[in-house]
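Descriptive structure summary
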Amino acid sequence: MTFDSLREQLLGAAEALGGGPAALPEILAGIVDDVGHALNEPLEIFPVCHHSPASALAMLRRLREKQPKVVYLELCEDLQPLLTELRNCRLPVAVQAFASQLDGFPKESAPLSVIAPITEASAEYQAISYALDTPGVELVLVDRSTDHVFQWQPDPEQPGQAPEAEEDLHGDAVGVEIGDLRPRFAELEEHLLHHGRVRHWSEWWDQYVEQPLAGADHDTYRQVMTMVGSLFRRLAPHDTKRYESDEDRERYMWTRIREHLAATGADPADCLYICGAFHAASRVPEAGSAPGTPDFAITPRTATTWLYGLIPSSHSAIEAQFGLAPGSVSIAATTWQKQLKKFRLTPFQLDGQKGGKKTTKALPLPTAGDAPVADHLTGYLSGPPALDGLDEEELRGWCVDIVRLARRNGYLASTADAIAVFETSILLAGMRGRARPTPYDFQDAAVTCIEKDTVPGRRDVRRLCEILLGGDRIGQVGYDALPPLARDVYDRLAPLGLNLEQRSIQRALLDLAARPELAPCSQLLWMLRYLLPDQAVRPIMGSRKLGEKHIQESWDLDLGRHQRTIIELGYEGVTVEQVLEQRLRRDAWDPKATAATALRAVENSLLFLTSPRLTDELGARAVELLAAERTVDDAPEVLGRIRRLLAYYRATTPALPSWCERFVTAGYAHYCTLLPTAFVEEETGVRQVGAMLGFLFGMESLALSLGCDRTQLEIAVRQSHPESPAKLALLWAARHQLGDLSLAELRALVDDLLGNPLVVPAVPQYVSGFVQALEPVPRLAPFVVETLSKAFGRLPDPVLLPWLPTLITALKQQAAELVPVLTREAGRTFPATLAAIDGWTPPWLARRAPATSGVARPPSAGPVGAFLAAHPASTDAVAGLLGCSGEWVVAEAVPESGFSRPLPLLTAFPATAEAVASLIGS
């Protein structure tokens, strides 16, 4: 047999290693058998490693030599229609399958996404370019479909998860890595890294596989890669779901290959099967192209609808997605270009490919018949690999460039540092047993010689080396390859006159008064602001609120670096408006949605969409959710949003929508029912109870006009018996609003608190409750100022100083948004100058002037009478409605006033006069 000599040598070595694993002879002999089995397959198997320059070089040579008529590629079969769009993109990009509406998978795992990144320095791209641009060549994708990727997912609980990255252009997609050669055993990897004197797997692969195979002939490359794949395959744990999934993939691919051969009658000798080296060494019974080989029963796909597209990728995104060392893909791209120049090879490239060099297609080499399989492994393994010697010119250029780049980034580097980096690189390579410094040796030397204690700029020396050796190249999807929604976005923003594909922040200035034709652009930008990440579309000047209309806006646009998110919007709909409507419906009908969520959706529909039907549906949903809620956690947000919506409708429409009326009536009954429980529950905060009372008192007039009963609120307040000080203050405020507790009684309660030394430490909590009461009872602002003034005037310093931090903390945590109201009221109450304080008397201590003899003067009638006398027609109308008869008293009858005064009305309603007088400071 071809590899009998190699098998005997390996078995002899295994016997000599008496202390090795018992399975070592079986593993070594099995590797040789796997190589022989793969090479004897009539359909040529071409093992590759993803993003490997050595694999790309070997693929380029083999395609020009063999010129296959059919290329079978390990890639999800349903991604094939996307490959022709690669010519409209700038690599690297990723083909993607996306599903947000799931049928057959857990709903909570949505959205699902599968990506397959493609770079220029990959064997797959060379095969795709060759097949698509060579007449008479067919490209067939044979791997499992994206639906089967998740059906066979080893961890079904989190099928959409992927490694996170600093700038992960792939998002939460599952990476389809073609040719995964990473060892499955941590012990094996640790052993290889230790004895190879390298830090990470990418460096080991570059040193011991990439460089030796760069110039190898086809037979040597194929045998070595199959051997490596077999090694990792036999060392992988065979009792895991991952291994079972890998074997099912192999059965799937070979079944598809045989189906295609049978359907087309293609000759296996004219075909090429490109797969990962791990799969090239497969020994499953279903592997092989021979007729009669058993087929694999492929399960049907689920009813999930998959959407397909291209998204931009980058070297750093690929490294993060597949756990590669930072900078390894950039180094591979640089190595690819260097090897092409060294061996004078012209790579295959799709016609019209963006970002690539314009090259003429080289004529294919004459086809040579396949030679018999010969043993190239024995010679390859018996001696050290033939590596290039030291390239002083290349290393010198690196050293000069890194010093120049370091200076630009704030480092105090000099020519001496360049010399030190050069010598240190050679020294490190020698210490690690290398004939020439690798990019990783150079990187370590640069960090050692240039980086000091601190990093002066944003980038450290290691990052500068990555930039120097290739940088993080970022791909871009061309306009013609974009989904309809993305193209529509670019077309509608064209009037701005900006290059939206540029990967930098651009400032857009919109003068809507001078150029009203830009109003649609403004509307679209606000919708994108809602749908895209914060940094993609950011307003600098202008806002979008109910009832507002701006004539000038300024925007920072960074759509070039967020192209992926725009593309994925295209998976949800044809236009931005359609996607926005779907998002609003999804939020409102989510199982965890609340009334506040639905009101937010209503507000957004009014801001971004002109669809009364949608707004009414969302409003009806808000009513439904409010009636079903059993907590009041969102009461503050509900109150704020319904107030804004009512104000908007009152200002723009002749009548309120029916859903608004139903929301008010339902909310009035709902909060009345929950009020007694909310007052006593510890889980319900003071802010929530204050918002409930704000809804009940603020919407009371509207609710009563719609048929609600005020008695329900009165009963709810009387049934409330809170124990916490803040809620007790809220209850007092509610009773005062209902007329059950006068202002004098409220003052008496506060005076008792300040006079009781046992209660004084809790006064800040009472004050916090009174501040929260400004939401439902805003006319209590003077009383709260009075309470604080009395506290600061009466309490001694030993009590006041420990009390003050507690007060500040309570106000900050529970009533921060209401403190400005209190501050404004204090500004109106206290003197504006320091000199006026000495002669100032607080309003609550000022004595009223005695009534004029001979004239019946109602309580607190002075300022009130002056106000009413200034508007006699209104006063007569109110008096008539209330059934008050009487005549006006002339000014001479009440000389201290100077105005006529409607005594009958004020005498009939003294409580009202007292309340008005207290409001205006009488």
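Residues numbered from 1 in each chain as written. Predicted model: local features only at pLDDT ≥ 70, side-chain atom pairs only at ≥ 80, totals over all residues. Heavy atoms only, no water.

1. As for the overall build of the chain
Worth spelling out the cut-off: In DSSP terms, a helix is any run of H or I states spanning at least four residues, a strand is any run of E spanning at least two, and both are numbered starting from the N terminus. Relative accessibility thresholds used throughout: buried, under 20% of the residue-type maximum; exposed, over 50%; partly exposed, between the two (1.4 Å probe, protein chains only). We call two residues in contact when some of their heavy atoms are within 4.5 Å. Residue-level accessible areas treat just the shown protein chains as cover; the underlying method is Shrake-Rupley with a 1.4 Å probe.
When helices and strands are tallied, the chain shows 38 helices and 13 strands. Scored against the burial criterion, the 922 residues of the chain give a buried share of 50%. In the chain, once contacts between residues fewer than 6 apart in sequence are set aside, the share between residues at least 24 apart is 76%. Accessible surface, the chain as shown: approximately 42500 Å² in total, 55% of it carbon and sulfur.

2. Some details on the sheet that holds strand β6 (residues 138-143)
Filter applied, for reference: Whether two strands pair depends on DSSP finding at least two bridges between them. Helix axes are fitted only over the stretch in contact, all axes being lines through C-alpha atoms; the angle between N-to-C directions runs from 0 to 180 degrees.
Strand order in the open sheet made by the four strands is β1-β8-β2-β6, with parallel pairing throughout. The open sheet has two edge strands, β1 (44-48) and β6, and neither has a second partner. Shown here is a sheet whose adjacent strand axes are inclined to one another by a mean of 30 degrees, direction ignored. Pairing of strand β2 (residues 70-76) with strand β8 (residues 271-276) involves four bridges; the strand directions are parallel. Looking across to β8, one finds that Leu-73 is bridged to Ile-274. Across the face of the sheet, helix α9 (residues 241-264) comes into contact with β1, β2, β6 and β8 while running at roughly 145 degrees to β6.

3. A closer look at the confidence of the model for the chain
Let me state the cut-off plainly: For every residue, the pLDDT score states the predictor's confidence, bounded by 0 at the bottom and 100 at the top.
When the pLDDT values of the chain are averaged, the result is 82; 83% of them are 70 or greater. Taken as a whole, residues 180-184 scores under 50 in pLDDT and shows 22 contacts with residues more than four places along the chain or in a different chain.

4. So, the sheet that holds strand β12 (residues 537-541)
Here we have three strands laid out as an open sheet, ordered β11-β13-β12, and antiparallel in their pairing. The open sheet is flanked by β11 (506-511) and β12, the only strands paired with a single partner. Adjacent strand axes in the sheet meet at a mean angle of 25 degrees, parallel and antiparallel pairs treated alike. Sheet topology places β11 next to strand β13 (residues 552-557); six bridges connect them, and they run antiparallel. When the bridges of β13 are listed, Leu-510 appears paired with Glu-553.

5. Here's the deal with empty space enclosed by the protein
What counts, and what does not: A 1.4 Å probe that fits but cannot get out identifies a cavity on a 1 Å grid over protein atoms alone, an open set with protein on both sides within 12 Å along at least five of seven lines counts as a pocket, and a residue lines either if it has an atom within 4 Å of a point. Grid points are joined across faces, edges and corners, and a volume is the space filled by probe spheres set on the points. Amino acids outside the nonpolar list (Ala, Val, Leu, Ile, Met, Phe, Trp, Tyr, Cys, Pro) and the charged list (Asp, Glu, Lys, Arg) are all regarded as polar, and Gly is one of them.
For the structure on display, the rule yields three cavities of 30 Å³ or more. Lining the largest cavity are His-37, Ala-38, Glu-41, Ile-45, Trp-254, Tyr-273, His-279, Ala-280, Ser-282, Ala-287 and Gly-288. Each residue belonging to the lining of the largest cavity can be placed in one class, and the counts come to six nonpolar, four polar and one charged. The space that makes up the second largest cavity amounts to roughly 40 Å³. Taken together, Leu-390, Asp-391, Glu-394, Leu-395, Trp-398, Arg-436 and Pro-437 make up the full set of residues lining the second largest cavity. For the lining of the second largest cavity, a count of residues per class yields four nonpolar, no polar and three charged.

6. Digging into the nonpolar core
Across soluble globular proteins, nonpolar side chains have a tendency to be buried as a group. Put simply, the test is: Only buried Ala, Val, Leu, Ile, Met, Phe, Trp, Tyr and Cys residues count toward a nonpolar core, and they belong to the same one when joined by side-chain atoms within 4.5 Å.
One finds Leu-493, Phe-663 and Leu-675 to be the most contacted residues of the largest nonpolar core, which totals 203 residues. Looking at which element gives the most residues to this core, the answer is helix α25 (residues 658-680), with eleven residues. In contact with Leu-493, not counting residues within four places along its chain, are Leu-500, Cys-521, Leu-524, Leu-525, Leu-528 and Leu-559. The next biggest cluster of nonpolar side chains, apart from the first, holds 25 residues, and it includes Ala-418, Phe-422, Ala-445 and Cys-449.

7. Considerations on the environment of Leu-531
Among the secondary structure elements, Leu-531 is positioned in helix α19 (residues 519-531). Between the C-alpha atom of Leu-531 and that of Leu-569, which follows or precedes it by 38 residues, the distance is 8.4 Å. Ignoring anything within four residues of it in the chain, the contact list for Leu-531 reads Leu-569, Val-576, Val-579, Leu-580 and Arg-583.

8. A look at the side chain of Glu-603
Which entries qualify depends on this criterion: Think of a polar contact as two N or O atoms within 3.5 Å of one another; within protein, one of them needs to be a possible hydrogen donor and the other a possible acceptor, and neighboring residues in sequence only count if both atoms come from side chains.
Residue placement: Glu-603 occurs in helix α22 (residues 595-608). The exposure class assigned to Glu-603 is buried, which follows from its relative accessible area of 9%. Looking at Glu-603, its side chain comes within polar contact range of the side chain of Arg-644, at 3.3 Å. When neighbours within four sequence positions are excluded, Glu-603 is seen to be in contact with Leu-546, Arg-641, Arg-644 and Leu-645.

9. Side note on the side chain of Asp-206
By the secondary structure assignment, Asp-206 is in helix α7 (residues 201-213). Among the polar contacts made by the side chain of Asp-206, one reaches the side chain of Gln-211 at a distance of 3.2 Å. The contacts of Asp-206, once residues within four sequence positions are left out, are Gln-211 and Tyr-440.

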